[in-house]
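# What the coordinates show
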Amino acid sequence: MTRLAVHACRSLCSWHRTRAELDGLPLLACRGCGSQWVRTEPWTPVDHTGRIPDDVRAELRRTTAFHPEEG
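Sequence order as written defines residue numbering, which begins from 1 separately in each chain. At least 70 in pLDDT is required for a residue's local features to be given in this predicted model, at least 80 for side-chain atom pairs to be given and counted, and no such filter applies to totals for whole chains, interfaces and linings, which use all residues. Excluded from the side-chain calculations are hydrogens and water; all other atoms, namely the structure's heavy atoms, are used.

### As for the environment of Val 38
- With respect to the element layout, Val 38 can be found in the loop between β3 (36–37) and α1 (54–60).
- The contact criterion used is simple: two residues touch if any of their non-hydrogen atoms lie within 4.5 Å. Not counting residues within four places of it along the chain, the set of residues in contact with Val 38 comprises Leu 4, Leu 22, Leu 25, Pro 26 and Leu 27. The secondary structure listing takes helices from DSSP runs of H or I that are at least 4 residues long and strands from runs of E that are at least 2 residues long, numbered from the N terminus.

What follows is the structure in structure tokens.
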């Protein structure tokens, strides 16, 4: 597996789906800090407001472990 870029969160964080995939999964990236994420990661991205972005929520809904009432 290729490693993801993970950087310290900043007040600019804004997560969006990219055109790329990693191991067959859609790759999401932060336009602010440059971090990357796929839904198999053990952490959940948040944007600069502290909320889980819609693109991230859509990916999490594809897993059985996501419970919207918790996020």
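On we go.
### Quick notes on the packing of aromatic side chains
- Planes of paired rings set the category: under 30 degrees apart is stacked, over 60 is edge-to-face and the rest tilted, where pairs are Phe, Tyr or Trp rings (Trp by its six-membered ring) whose centres lie within 6.5 Å. Under the criterion given, the structure shown has 1 aromatic pair.
- Residues Trp 15 and Trp 43 carry aromatic rings whose centres are separated by 5.9 Å and whose planes lie at 65° to one another, so their mutual orientation is edge-to-face. With a gap of 28 residues between them, Trp 15 in strand β1 (residues 15–22) and Trp 43 in the loop between β3 and α1 connect regions that are remote in the sequence.
- In this structure Trp 43 comes out as partly exposed when scored by relative accessible area, which is 29%. The buried label applies to any residue whose accessible area, calculated with a 1.4 Å probe on protein chains only, is under 20% of its type's maximum; exposed applies above 50%, and partly exposed to all values in between.

### Notes on the pattern of salt bridges
- Only one rule defines a salt bridge in this text: a Lys or Arg side-chain nitrogen within 4 Å of an Asp or Glu carboxyl oxygen. Under the defined criterion, the tally for this structure stands at 4 salt bridges.
- The partner of Arg 17 in a salt bridge is Glu 59, and the shortest N-O contact between them spans 3.9 Å. In this pair, Arg 17 sits in strand β1 while Glu 59 sits in helix α1, placing the two residues 42 residues apart along the sequence.
- The exposure class of Glu 59 is buried, given its relative accessible area of 2%.
- Among the ionic pairs, Glu 59 bridges to Arg 62, the shortest N-O distance being 3.2 Å.
- With a relative accessible area of 53%, Arg 62 lands in the exposed category.
- Connected through salt bridges with shared partners, the residues Arg 17, Arg 39, Glu 59 and Arg 62 form a single ionic network.

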